[in-house]
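Examination of the molecular architecture
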2 protein chains.
Amino acid sequence: MRRFVIGKAKSLLNPSYHSQNHTLLRPLSASQSRFLSSTSVLDSPSTSSASSMYPPVSLDTINPKVLQCEYAVRGEIVTLAQRLQDELKAKPGSQPFEEILYCNIGNPQSLGQQPITFFREVLALCDHPAILDKSETQGLFSADAIERAWQVLDQIPGRATGAYSHSQGIKGLRDTIAAGIEARDGFPANPNDIFLTDGASPAVHMMMQLLISSEKDGILCPIPQYPLYSASIALHGGSLVPYYLDEATGWGLEISELKKQLEDAKSKGITVRALVVINPGNPTGQVLAEDNQKAIVEFCKQEGLVLLADEVYQENVYVPEKKFHSFKKISRSMGYGEEDICLVSFQSVSKGYYGECGKRGGYMEVTGFSPEVREQIYKVASVNLCSNISGQILASLVMSPPKVGDESYESYSAEKEGILSSLARRAKTLEDAFNNLEGVTCNKAEGAMYLFPRIRLPQKAIKAAEAAKKAPDAFYCQRLLNATGIVFVPGSGFRQVPGTWHFRCTILPQENKIPAIVSRLTEFHKSFMDEFRD
Amino acid sequence: MRRFVIGKAKSLLNPSYHSQNHTLLRPLSASQSRFLSSTSVLDSPSTSSASSMYPPVSLDTINPKVLQCEYAVRGEIVTLAQRLQDELKAKPGSQPFEEILYCNIGNPQSLGQQPITFFREVLALCDHPAILDKSETQGLFSADAIERAWQVLDQIPGRATGAYSHSQGIKGLRDTIAAGIEARDGFPANPNDIFLTDGASPAVHMMMQLLISSEKDGILCPIPQYPLYSASIALHGGSLVPYYLDEATGWGLEISELKKQLEDAKSKGITVRALVVINPGNPTGQVLAEDNQKAIVEFCKQEGLVLLADEVYQENVYVPEKKFHSFKKISRSMGYGEEDICLVSFQSVSKGYYGECGKRGGYMEVTGFSPEVREQIYKVASVNLCSNISGQILASLVMSPPKVGDESYESYSAEKEGILSSLARRAKTLEDAFNNLEGVTCNKAEGAMYLFPRIRLPQKAIKAAEAAKKAPDAFYCQRLLNATGIVFVPGSGFRQVPGTWHFRCTILPQENKIPAIVSRLTEFHKSFMDEFRD
C-alpha cells in the first residue's frame, strides 16, 4: 500500500508517471469487464510482470537510435528563443531587446523574403484550375503563368492535382526537370532517374535507409556538416566517418584527408558505403573548385563509394571567381558514364533564390545503380506513396523558370537578382562584422546561406561554460540570445575540430535588420570578452 | 586479361556490371592524376581488395530490411497495369479492352472525383495571397473562402506560407484541428498533442521508428492489414505480431484472439509494444462497434500497449447502423485520462469525401506519453523540419469545413453528400456483384473505400498458379487484368488466413464505369471458373 501512496504522489508531481497498481484499484464498470475475455485484469498472467507494463513507453524502452540522434538546428537554443518570444509577446519590454532575430535556420520567407510571383501564380492556378477559363483570371494572373498552368495540368494524368502520383513523381514534371538538368550540365539526364521528394531531407533518409544495415556501415561526412546527415546516420544505425574540412584554406576538402579517414574506418572494421559532399557548403559556405570535384569523383570511383552530392544551394553562389558545377556534370566530363559511378544529387525548392521551404519540394537524381537496386529504391519511395504535388510542380518550375520573351521574364529576373544580390551584400557585411570581433575569424561565404565563424574563447569563459554544463560555443550563443535576441546555432551541433569553437549564422535576415544585428552583436561580444578576459 | 574480357562481356550484357579492372586500363588524363594524392590508383592499397569494390552497391550489400519490405498496393500487378496502359496508348486496340480500370488504390481523384471547391479556393488564395485584395478576386472566389484564407494567413507567422513551420505544424492550424477534434468527440483536445505530417504514412513511420529497437519488439497488426504497417515494421526491423479478423462475423475483432497472439509472441521472447487498429477497416471495410472499441482500449490499458489507431476513414461510413467513434472519445468516455493510456490517432486528407491524396496532408494526435518521450517524438519530427504547408492548411480545413450560414455551405454540402452517397451506392453494387460470382463471398463495406471478397479457387487453378510461380490470388488478378483491364490487388499483399484467397477492390471508379466493371468481371470469372473447374 505504501508503494501505491508513493506512486500516487509521483503521479501528482508528474502526470506521465503511471502507478503500477493504479488500475487494480479502479473498479471496472460492467461494460468494461464484459469485453474482457475469460482472464480478467485481476488474474491475467501479464499483471505479474507489472514492472514492464507501466509506463508502457519510457526512454528505456524506445529505440536507442532515436535517443542518439541530435538535431541542433531545432535544438535547445531554438526552444529558448521561442520561450523568449512568447515572453516578449505576453509582456512587451520584459527583455533587453524588442524582437528575436532568427539567424539559426535557412528559412528565408520566415524572415520576410517574398516568394517569386510567377511560381506562386502557377501553383495557385493548379490548385484551383476551375478559374483558368474565367475572364477575371486574365486580370489577376500573368499570361505566361496561365499558359504554364495549362502545360503543367496537361502533364498530370487526368489533370488531377489531388491524386497520388507515380511513386517517383509525375512523369511529365520529371521530363521538365530532366530537361532543366541537361540545360544546366550539358549532359543528358533521364526522367526515370528522378525521384521527387518532400524536400531533400526524405531523399537523404531514403538513401541512408538503403545503404546502412548496421554500425559496420560507414558514411564519410564532412565536418562541420549539416546535422541532417549525422541525425539520419544515427537514426539508421550507421557510423558517421568524419573527414575534416580545412578551415585555414577556406574549408578546403583534401583527398589525403578522405583517404586517411577511410583507412582509419577500415581498420576499425567499418565498410564505408558512401561519401557525402555538400556543395555549396552548409554550414561552411564554401564552393568547391572544379579540380577538387574531379579528384572527389575519382576517389569515389576508385574506392567504390556512392557519391551523395547535396547540391541544394546550387543557385546560391555569391562570388564571381566560383561557379557551381554538379557532380554529375563533373563525372560525365571526366568520361565516366552511367555504369561507372553511383551518384545521387539532392536538390530542393527550399533554397536557391526562391527559398520555398514550406512547400516541401525537391528531388534526387539517382544514377549508376543496378536495375535490382533501383527497384529497391523505388519500393522505399512507394511505401510513402508519393511526395506532395504542389512541391512536385514547384520543383519542375525552379528547373524551368520563365525565359527571355515570356511576359513574366522581366519581373521574374528582377525578383531573382534582387534577392541574390542582396544575399551577397548581407554575406559580406556579416563576414566583415565577424572578422572585426576580438578573437573571431570568418571565412568568406562563397555560396549557400551561412557563415561559420570561429571564436577563440578565453579560458575563463570555457571554465564558466563547464560550470554551466554547456559546450563553450553553446554557452556563448545562449548568452548572446539572452542579451540581444540574436539566435545563432552553436558549432558543436555541426561538429568541429576538437578544441575549436564556432557558430553558424544565416545571411537571411532582411537587409534593414543587418545593421542592428551587427551593432548588438559587436556590443555584446565586447562586454562578453571584457567579462571573461583571462 | 581473360578476366577483363569476361568482365567486358558481362558489362555488355548488363550495364550495371563493373569490371574490376576497367579503370586500370583507362588512361588518366593529366588533370585527373594531378588531383589524386600521393597514392595513385595504380598503387593504392584499396585496389588490392578489389572484390569488395565493384559494383559498390548490390542486393548483397544493401540494408536487408529494405529487401524484406513489401508493398503490394504498388507492386507487381500495378507495374503490369502501367505496361498495358503504355501499350494501349502506343497501339490502340492491342488489348482486349480499351482502358485500364484501376481498382487497386484509394486514390479517388485519379478516377475522376472532383476536389471540394471551397478547400481548393482557400488553398489557391493562400498560395498567392497577393490577389486577396484585388476586385477581380471577388468574382472568382466565394466570400467565405476569401475570409477563410485571411484567417488562415493570420494564423501563420508573418503570413509566410513559404516558410518552414514549427516541427509539429503551424500552431494556429493545430488550434483549429484541436477544436475540430473536440467538436467531433465531445472531449478536450490539446493543440500541442497534434503533429502535422505529409499524409498519415510518415506519421506511422515515426511511431514505428520510436517503438521498434529490434526484432524483439512486436507490433500487433490486424490480418488482413494495410501493407503500410507490414512495410514499416519490416523497414524498422521489428516483428509483426498478427491477429486475425474473423471474416465469418464481418471481420470481427476478438479480444480472445488478441490475447492469444500476445501470449504467443511473449513465449517467443517478443515484447509487444503496440496494437494497430484500422477503423474503419482497410482492406476489410468493417466499422468497429463501440463496445468492441471499449474492450480494445481496456486490453491496451491492461497490457501496457500503445494503441495506434488508424482513423483515416473516419468520414467514410456508409451504413446507418454504424457510426465512427474515435478511440480517444471511447477511452475518455470510459474515464481514462491523459495519464492512463498511450494513444495515437492518425488522420489524413487523402481519404474522407475530400480524397486529396496528392496534397499529402495529415496529422497524428499523440496522447498519454511522458514529456521525455514526447520530446523524442518532437525530435524525430524535427529532423524532417516540417510537413508541407498546403497539406497543413488542408488538414485544418477538413477539420473545420464551411458551416450553416456560410456562403459556400450549400454547395459544399451538396458536393460532400454527392460523393458519399455515390460511394455508398458503388459499394453496394460491387458487393452484390461479388456475391453473385461462383465461389466468391464478400462482406459488406460498412466504411472505408474497399471490398475484400474471398474467392474459393478450384484446385486446378491453384495448381496452374503454382506452375506459374504465383500465389493463386495473384494468378487470378493477373489473368483478370490481362483479360479485362481491371486492376485488383491480390489478398496475399494484405496477408490472410493461410489457405484462403482474397483480393482488394476499391469502390472508387466513377459510377458510370461500375456497370462495365461488373459485367467484365462477371464474364471473366465465369470463363476462368469454366477453364479451371475441377
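Residues numbered from 1 in each chain as written. Chains lettered and ligands numbered in written order. Predicted model: local features only at pLDDT ≥ 70, side-chain atom pairs only at ≥ 80, totals over all residues. Heavy atoms only, no water.

Turning next to the overall build of chain A. What chain A contains, in helices and strands, is 19 helices and 14 strands. Within chain A, buried positions represent 63% of all 534 residues. For chain A, restricting intrachain contacts to residue pairs at least 6 apart in sequence, the fraction spanning at least 24 positions comes to 71%. Approximately 19,500 Å² of chain A is accessible, and the part contributed by carbon and sulfur atoms is 53%. (Helix = DSSP H or I, 4+ residues; strand = E, 2+ residues; numbered from the N terminus. Buried < 20%, exposed > 50% of the residue type's maximum accessible area, 1.4 Å probe, protein only. Contact = heavy atoms within 4.5 Å. Areas by Shrake-Rupley, 256 points an atom, 1.4 Å probe, with all protein chains shown as cover.)

Looking now at the UniProt feature "domain: Aminotransferase class I/classII large" (unreviewed entry) in chain A. Listed under "domain: Aminotransferase class I/classII large" (unreviewed entry) in the UniProt record, and renumbered for this structure, are residues 149-512 of chain A. Between the first and last C-alpha atoms of residues 149-512 of chain A the distance is 35 Å; the span itself is 41% helix and 15% strand. (UniProt positions renumbered as here; feature names shortened; annotations may be inferred.)

With that out of the way, let us pick up the relation of the copies chain A and chain B. Look at the two chain copies: a rotation about an axis and a shift along it is all it takes to match them. Between chain A and chain B, the superposition needs a rotation of 180 degrees and an axial shift of 0.0 Å, giving an RMSD of 0.0 Å. Overall, the copies show the geometry of a two-fold rotation axis. The rotation axis passes nearest to the C-alpha of A:A124 in chain A, at a distance of 2.1 Å. Both copies share a contact surface, since 98% of the interface residues of chain A are interface residues in chain B too. (Least-squares fit on C-alpha atoms with pLDDT ≥ 70 in both.)

Per the stated rule, a full pass over the model turns up 38 aromatic pairs over all chains. Taking 5.8 Å as the distance between ring centres and 55 degrees as the angle between the ring planes, the aromatic pair formed by A:W251 and A:F452 counts as tilted. Residue A:W251 is located in the loop between β4 (239-244) and α11 (255-267), and its partner A:F452 is located in the loop between β10 (450-451) and β11 (454-455); the two are separated by 201 residues in the primary sequence. Taken individually, A:W251 and A:F452 each receive the classification buried, so the pair is uniform in this respect. Measuring from ring centre to ring centre gives 5.4 Å for A:Y476 and A:F524, while their planes differ by 70 degrees; the resulting arrangement is edge-to-face. A residue pair is termed long-range when its members are at least 10 positions apart, and A:Y476 in helix α18 (residues 472-484) and A:F524 in helix α19 (residues 514-532) qualify at 48 residues. Of the residues examined, A:Y476 reaches a relative accessible area of 0% and is grouped as buried. What makes A:F524 buried here is its relative accessible area of 7%. One cation-aromatic arrangement involves B:K301 over B:Y336; the distance from NZ or CZ to the ring centre is 5.8 Å. (Phe/Tyr/Trp six-rings, centres within 6.5 Å; stacked < 30°, edge-to-face > 60°. Lys NZ or Arg CZ within 6 Å of the ring centre and 35° of its normal.)

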